[in-house]
Amino acid sequence: EWLPTTVIESLATKNVVIASEVWGTSEISKNEDLLLFEAGNISQLSKKLIFAYNNFEKLEWKSYGNLRAKFSWNKSLENLCKLMK
């Protein structure tokens, strides 16, 4: 799976997401509520967890609007129609 759907689903619930930077994760959102760390780097993960905990109220909801536009049902159908032409 090239697109981490768990990240999209979590951001859609207006949560702050911490994810390893693999595959297409960084392309999902450029906002501060998606905190990425190098895969396998426990030190970075720990820092992101602490940062997210301390700043949750400032970070939540940042990606919600963009995410709805980018991955909406209508947008998906529009893209599919373009591919079929």
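Quantities reported herein were computed from a predicted structural model and do not represent experimental measurements. (Residues numbered from 1 in each chain as written. Predicted model: local features only at pLDDT ≥ 70, side-chain atom pairs only at ≥ 80, totals over all residues. Heavy atoms only, no water.)

Q: I keep staring at unusual backbone geometry and nothing clicks. Help me out?
A: Among all residues except glycine, the phi angle is most often negative; among peptide bonds, the trans geometry is most common. Positive phi is not limited to glycine here, since Lys14 has a value of about 70°. Position of Lys14 among the secondary structure elements: in the loop between helix H1 (5-12) and strand E1 (17-20). A positive phi is found at Trp61, a non-glycine position, where the angle reads about 75°. Mapped onto the elements of the fold, Trp61 is located in the loop between helix H3 (42-59) and helix H4 (64-70). (Helix = DSSP H or I, 4+ residues; strand = E, 2+ residues; numbered from the N terminus.)

Q: Could you clarify how one ought to interpret the nonpolar core in this entry?
A: Generally speaking, a soluble globular protein has its nonpolar side chains buried in company with each other. By size, the foremost hydrophobic cluster in this structure holds nine residues: Val7, Ile8, Leu11, Val17, Ala19, Ile28, Leu34, Leu36 and Leu67. Looking at this core, the elements with two or more residues in it are H1, E1 and strand E2 (34-37). A per-element tally of this core places H1 first, with three residues. Dropping the residues within four chain positions of it, Leu11 is found in contact with Val17, Ile28, Ser29, Asp33, Leu34, Ser63, Tyr64 and Leu67. (Core = buried A, V, L, I, M, F, W, Y, C linked by side-chain atoms within 4.5 Å. Buried < 20%, exposed > 50% of the residue type's maximum accessible area, 1.4 Å probe, protein only. Contact = heavy atoms within 4.5 Å.)

Q: Help me understand H3 in this model?
A: Every α-helical turn comprises 3.6 residues, leaving residues that sit three or four positions apart pointing alike. Along its 18 residues, H3 runs just 22 Å from first to last C-alpha, ending more than 12% under the 26 Å computed at 1.5 Å per residue. Along H3, the sharpest change in direction is near 55° and occurs at Tyr53. Turning to H3, its buried residues are Ala52, Asn55 and Leu59. Those residues of H3 hidden inside the fold are in contact with E1 and E2. (Expected span 1.5 Å × (residues − 1). Bend = angle between axes of the 7 residues up to and from the residue.)

Q: Before we go on, may I ask you to explain the confidence of the model for the protein chain in this structure?
A: Parts of the prediction with low pLDDT should not have their coordinates interpreted in detail. Looking at the protein chain, the pLDDT average stands at 84 and 96% of residues meet or exceed 70. Mean pLDDT per element in the protein chain: H4 is the minimum at 79, and H3 is the maximum at 93. (pLDDT = per-residue confidence, 0-100.)

Q: Can you help me understand a nonpolar patch on the surface in this one?
A: A cluster of nonpolar residues, Trp73, Leu77, Leu80, Leu83 and Met84, forms a patch on the protein surface that exposes about 630 Å² of accessible area. Secondary-structure assignment places Trp73 in helix H5 (residues 73-84). (Patch = residues over 30% accessible without salt bridge, like charges linked within 9 Å, V, L, I, M, F, W, Y side chains within 5 Å. Areas by Shrake-Rupley, 256 points an atom, 1.4 Å probe, with all protein chains shown as cover. Salt bridge = Lys/Arg side-chain N within 4 Å of Asp/Glu carboxyl O.)

Q: Whenever I open this one, the environment of Asn41 confuses me. Can you help?
A: You can see Asn41 is positioned in the loop between E2 and H3. For the pair Asn41 and Thr13, spaced 28 residues apart in sequence, the C-alpha separation works out to 26 Å. One polar contact links the side chain of Asn41 to the main-chain amide nitrogen of Gln44, over a distance of 3.0 Å. (Polar contact = N/O pair within 3.5 Å; in protein donor to acceptor, adjacent residues only side chain to side chain.)

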